[in-house]
Amino acid sequence: MTAQHLPLSELADHVTNKKLLDAAGLQHVDSCPNCRSDVKWLEALGSLRRFEPPKSAVDTVVGYFKHQRDAA
Ligand SMILES: [Zn+2]
């Protein structure tokens, strides 16, 4: 069991079905409000771009939030 949050890039890959999380990852998201809220907005982002989410846009958002998180 990992106490670490999942990287946003992995959550993004999961939401876009590029690379699904493993069981441990899913369990973490399920029990972690922090990561769950990350998944939520990533899903909202994904639903706007259901077909082929532009990688550059995802990277930009992920980078932005990563920066915010590091700064916090
Ligand atoms: Zn977490």
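Definitions and limits used
Residues numbered from 1 in each chain as written. Predicted model: local features only at pLDDT ≥ 70, side-chain atom pairs only at ≥ 80, totals over all residues. Helix = DSSP H or I, 4+ residues; strand = E, 2+ residues; numbered from the N terminus. Core = buried A, V, L, I, M, F, W, Y, C linked by C-beta atoms within 7 Å. Buried ≥ 20, exposed ≤ 12 C-beta atoms within 10 Å, placed from the backbone. pLDDT = per-residue confidence, 0-100. Arc of directions from axis to C-beta.

The subject of this paragraph is the overall build of the protein. Helices and strands together make up the secondary structure of the protein, namely four helices and zero strands. Taken from the N to the C terminus, the helices and strands of the protein come in the order α-α-α-α.

Right, let's talk about unusual backbone geometry for a bit. Its identity is not glycine, yet Asn17 carries a phi of approximately 65°, on the positive side. Tracing the chain through its elements places Asn17 in the loop between α1 (8-15) and α2 (23-31).

A separate point is the nonpolar core. By size, the foremost hydrophobic cluster in this structure holds 10 residues: Leu6, Leu8, Leu11, Ala12, Val15, Val29, Cys35, Val39, Leu42 and Val58. Looking at this core, the elements that each hand over two or more residues are α1 and α3 (33-48). At four residues, α1 tops the list of elements feeding residues into this core.

Taken over all residues, the pLDDT of the protein has a mean of 84, while the share at 70 or more is 83%. The secondary structure element of the protein with the lowest average pLDDT is helix α4 (residues 55-71), at 78, and the one with the highest is α2, at 95.

Within the secondary structure, Cys32 sits in the loop between α2 and α3. Considering only alpha carbons, one finds Cys32 and Gln4, 28 residues apart in sequence, at a separation of 10.0 Å.

In this section: α1. Those residues of α1 that fall on the buried side of the exposure criterion are Leu8, Leu11, Ala12, His14 and Val15. Within α1, the buried residues cover an arc of 160° as seen down the axis, which keeps them to one side. One or two residues past the end of α1 sits Asn17, with phi positive at roughly 65°.

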